[in-house]
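Residue-level structure breakdown
For reference, the chains in residue letters:
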Amino acid sequence: MTTLLVTVPSGREGDASLELEWALGDVKIRRTRWRGVLIVKTGLKKEEALRILKDFETTAIFKIVPLEKFVRSRKEDIIEEGFKLAKARIKEGESFAVRCKRRGNWIRSSKEIEIELGAKIKENLNAVVNLDNPDWYVWIEVLGNRTAISVIRPEEIIKKEVEL
């Protein structure tokens, strides 16, 4: 089961849902309480789903990010789980960047999470911070009281052009 966060223009969630169903077939799509943010579950493997969506012509999808793990939106939980996922993937000398997008006010600051988790990864894994062109992203999406975390390659984040 692959979980994706899909962002769409506000008000175009229905169009995006149809496009996701056409592209991926059997999917479960859940709207969040934030306009323009969908959570998509598919039985396809992550690589296959991303390959299909990368090539798919779309009019209502901005960005697609694979999600790996959900935790409670507490700073300690986010940092602990983010570090565990990073430790499993990022090798010594590889570069990374931590990106945190906060929706709702369950955590005080996205920057605080980025700085603290980034420092822990840098110190403990001997990895290199590269904010412009990293080997890995530690991607954090705070969605109210639940937070999604992924450690992904830059090419796993799909960005599309949408006519507004």
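This report concerns the structure included in the present document.

What follows deals with the pattern of salt bridges. Per the stated rule, a full pass over the model turns up 16 salt bridges. Between E112 and K75 there is a salt bridge, with the nearest N and O atoms lying 3.0 Å from each other. Of this pair, E112 sits in helix α4 (residues 110-125) while K75 sits in helix α3 (residues 75-89), placing them 37 residues apart in sequence. You can call K75 partly exposed: its relative accessible area is 25%.

Moving on, we get to the sheet that holds strand β2 (residues 27-31). In spatial order, the strands read β2-β3-β1-β4-β10; together these five strands make up an open sheet with antiparallel pairing. If you trace the sheet from one side to the other, it starts and ends with β2 and β10 (158-159), each paired once. Sheet analysis places strand β4 (residues 63-67) next to β10, joined by two bridges and oriented antiparallel. Paired with I64 across the strands is I158, a residue of β10. On the sheet, helix α1 (residues 13-24) packs against β1 (2-7), β2 and β3 (37-42) and is oriented at approximately 165° with respect to β2. The strands touched by helix α2 (residues 46-55) within the sheet are β1, β3, β4 and β10, with β4 carrying the most contacts at an inclination of about 180°.

Here the focus is the sheet that holds strand β7 (residues 128-129). Pairing is mixed in the open sheet, where five strands are placed in the order β5-β9-β8-β6-β7. Two strands close off the open sheet at either side, each with one partner strand: β5 (69-72) and β7. Docked against the sheet, α3 engages β5, β8 (136-143) and β9 (146-152), running at close to 20° with respect to β9.

Cut-offs used in this document
Residues numbered from 1 in each chain as written. Predicted model: local features only at pLDDT ≥ 70, side-chain atom pairs only at ≥ 80, totals over all residues. Heavy atoms only, no water. Salt bridge = Lys/Arg side-chain N within 4 Å of Asp/Glu carboxyl O. Helix = DSSP H or I, 4+ residues; strand = E, 2+ residues; numbered from the N terminus. Buried < 20%, exposed > 50% of the residue type's maximum accessible area, 1.4 Å probe, protein only. Pairing = 2+ DSSP bridges. Contact = heavy atoms within 4.5 Å. Axes fitted to C-alpha atoms, helices over the stretch in contact; angles between N-to-C directions.

These figures capture arrangement, not role.
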